[in-house]
Amino acid sequence: MSKFLEKINSPEDVHYLTSKELYELSDEIREFLIESVSKTGGHLSPNLGVVELTLSLYKTFNLEKDKIVWDVGHQSYVHKILTGRKERFNTLRKYDGLCGFPKRSESKYDVFGTGHSSTSISAALGMARARDIKKEDYHVVAVIGDGALTGGMALEALNDVGFNKTNMIVVLNDNQMSICKNVGGLSNHLNKLRIGPGYNKLKEDINSTLNTSNTGKVISSYLHRIKDGVKHALVPSMLFENMGIKYIGPINGHDIELMNEVLSKAKQIHGPVIIHTVTQKGKGYEFAEQNPNKFHGVSPFDLGSGECAMSGKKTYSKVFGDTMIDIAKNDENVVAITAAMPDGTGLKEFSKEYPNRFFDVGIAEEHATTLSAGMASAGLKPVFAVYSTFLQRAYDQIVHDVCIQNLPVVFAIDRAGIVGEDGETHQGVFDLSYLSQIPNMRILAPKHLDELSLMLKWALKENKGPIAIRYPRGTDCTDNIKPLKEIENGKWEKIIDGEKIAIIAVGKMVQHVMLAKKLLNDNDINPTIISATFVKPMDTEMLKEVCDKGYNVITIEDNNISGGFGSYVLMELNKLNFKGKFKALGYEDKFIPHGDLKNLYRDSGLDADGIVKSVLDIQK
């Protein structure tokens with residue numbers, strides 16, 4: 001039985017705990033996290049690393065008025081536990097359960113919804129500006145990781161906050177020790193000196209006195225040059241100071257007393273402050289400490305061994321990675337690019353096999369896209385592997401730098417369609433809509449694991465203009481389907497030649513149609529089933545055949561209906577003077593929540609039963 005955790009029901013309860021009690025509470029929170037996430041899955045190692053940091057924030061700030069914005073939000077579980085949601089942790093990331101990221105509709109303490117990286121400083125700065133305009137009084141804190149800080153948006157926000165000197169605090173959670181070599185007694189001494197009220201008051205007094213005369217201004221300028229020279233020699237990360245942001249650190253993010261002292265004094269500093277904390281990702285669970293990447297986002301696992309239950313089946317990501325290695329053996333111009341996702345996209349082995357042809361650019365999808373365009377313009381064959389939800393961030397670069405110039409960049413779009421437990425911010429349900437409208441872009445979608453390999457080889461051999469191949473998370477859901485043997489540009493595949501109705505499905509949705517086939521046959525319906533191998537360009541010849549036969553048409557896509565595949569099919573059918581009935585199946589004009597795929601497909605009418613119902617309705 002926990003001694004302190006069971007008594008914590010709101011942020012205010014943390015204020016009354018001593019440092020000793022906070023350390024005991026941190027142990028209880030870690031035990032609770034490990035136990036809970038082992039059952040539900042989720043982001044374990046990021047949260048284990050920020051327990052003391054979070055408690056220090058809660059001890060120092062008043063969350064009834066102060067605002068904390070968690071970048072990405074995968075490290076917000078401790079925050080959720082402390083804000084009255086620990087009793088619901090058995091529902092974490094489950095259908096109708098607790099969201100794995102901050103969500104404004106879930107709690108008043110989730111002041112800003114997150115899920116994508118590098119947004120917290122911009123959002124927090126917006127809140128601070130609103131506070132100042134409305135003449136209100138509260139503190140604003142952005143908590144951002146060292147990885148997220150590589151995102152261009154974070155640097156844009158820092159540039160703004162430093163130039164305008166807005167009062168706010170940025171906590172840099174550095175769990176990779178990438179910028180913290182300058183540690184030790186001298187560093188700690190300098191930091192204590194610089195955050196002390198005496199130091200800051202003395203500096204202000206000297207500046208105000210010297211600046212009253214021309215001679216004083218000259219002396220002040222001279223002293224500033226000396227000070228800056230000393231700082232550059234002794235103080236780490238002068239980038240922040242030169243941007244106009246006071247830098248404090250590095251400090252131990254697991255030292256609650258030190259964190260409380262630093263945070264308390266940072267509240268008193270006029271202008272923006274960045275506090276550089278060093279934490280250990282996965283702290284408190286041996287397996288997560290040894291392999292923090294594995295436990296960054298993890299499926300349910302065995303507590304004793306740290307091992308996840310694996311299906312043993314091939315996944316689309318694995319097929320992609322294996323195919324890339326196979327192609328690269330015979331084509332030295334093939335290169336792979338990822339935005340901080342080598343493991344998730346299946347490129348880890350490629351990076352070992354061909355380190356000189358592998359480029360991880362960090363959390364920078366915009367840069368990755370234009371980097372790929374530059375490589376293609378110089379004769380390479382770049383493949384940018386990226387999750388669908390993250391490719392959204394590079395829309396302008398896709399249009400301007402790739403498609404306008406018609407450059408042969410291959411976009412390997414992983415996690416297309418719904419992904420389940422990560423919810424609204426991670427569902428890849430917009431890529432068909434925003435890519436289809438761009439001239440020069442060709443889009444393919446495999447209906448079978450083996451087709452991904454076929455399409456990737458075809459795209460790199462074709463090497464003419466931009467090509468996107470979008471594929472789902474995980475593996476196939478039926479064996480009742482055979483892969484194509486070859487790809488023909490713009491051609492679809494007629495899987496079954498039926499009568500009266502044609503079902504045209506994209507990618508994984510072909511598998512769902514095949515699962516619905518027996519139920520349809522039981523209802524004396526024998527549909528023509530077509531796999532839209534190419535989403536763009538469309539197979540107008542096959543559409544004309546369907547139209548000439550007077551069939552009704554249903555399209556099915558794992559994408560938003562608005563502006564999606566169905567919309568373009570209907571436009572083509574109208575050009576052909578289509579007289580039958582038409583229905584587009586996909587996701588309605590709303591964001592898809594988190595939950596298991598079975599329930600989410602059911603809710604959107606994209607499971608076998610939903611498909612049968614739509615076919616019966618259109619045939620009435």
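In this text, all values refer to a predicted model and were calculated from it rather than measured experimentally. Residue positions are counted from 1 within each chain, in the order its sequence is given. The predicted nature of this model means local features are confined to residues of pLDDT at least 70 and side-chain atom pairs, given and counted, to a pLDDT of 80 or more, with totals for whole chains, interfaces and linings taken over all residues. Hydrogens and water are ignored here; the side-chain numbers use all heavy atoms of the structure.

J.: Give a detailed account of the environment of methionine 509, specifying residues and quantitative values.
T.: By the element assignment, methionine 509 lies in helix 21 (residues 509-522). Accessibility here uses a 1.4 Å probe with only protein chains present; expressed as a share of the type maximum, an area under 20% marks a residue as buried, one over 50% as exposed, and anything in between as partly exposed. With a relative accessible area of 0%, methionine 509 lands in the buried category. Considered as a pair, methionine 509 and aspartate 558 are 49 residues apart in the sequence and their alpha carbons are 6.6 Å apart. Counting from the N terminus, the helices are the DSSP runs of H or I reaching at least four residues and the strands are the DSSP runs of E reaching at least two.

J.: Account for helix 14 (residues 316-330), with residues named and values stated.
T.: A helix is expected to span 1.5 Å for every residue after the first. Under the 1.5 Å per step criterion, the end-to-end length of helix 14 is 22 Å for 15 residues, consistent within 8% with the ideal 21 Å. Buried within helix 14 are the following residues: Tyr316, Ser317, Val319, Phe320, Gly321, Thr323, Met324, Ile325, Ile327 and Ala328. The contact criterion used is simple: two residues touch if any of their non-hydrogen atoms lie within 4.5 Å. Elements that come into contact with the buried residues of helix 14 comprise strand 6 (334-338), helix 15 (348-353), strand 8 (381-387), strand 9 (410-414), helix 20 (449-462) and helix 21.

J.: Describe the UniProt feature "binding site: Mg(2+)" (unreviewed entry) in the protein chain, listing the residues and the values that go with them.
T.: UniProt positions are given in the numbering used here, feature names are shortened, and annotations may be inferred rather than shown by experiment. The positions UniProt marks with the feature "binding site: Mg(2+)" (unreviewed entry) are Asp146 and Asn175. Spatial clustering of the annotated residues is evident: they stretch over 30 residues in sequence, but the largest pairwise C-alpha distance comes to 7.1 Å. Relative to the elements of secondary structure, aspartate 146 occurs in the loop between strand 2 (140-145) and helix 7 (152-164). What makes asparagine 175 buried here is its relative accessible area of 18%. When neighbours within four sequence positions are excluded, asparagine 175 is seen to be in contact with Asp146, Thr279 and Lys281.

J.: Explain the environment of valine 399 residue by residue, including any values.
T.: Secondary-structure assignment places valine 399 in helix 18 (residues 395-403). Given the relative accessible area of 24%, valine 399 is considered partly exposed. When the C-alpha positions of valine 399 and asparagine 440 are compared, they lie 9.5 Å apart, and in sequence the two are 41 residues distant.

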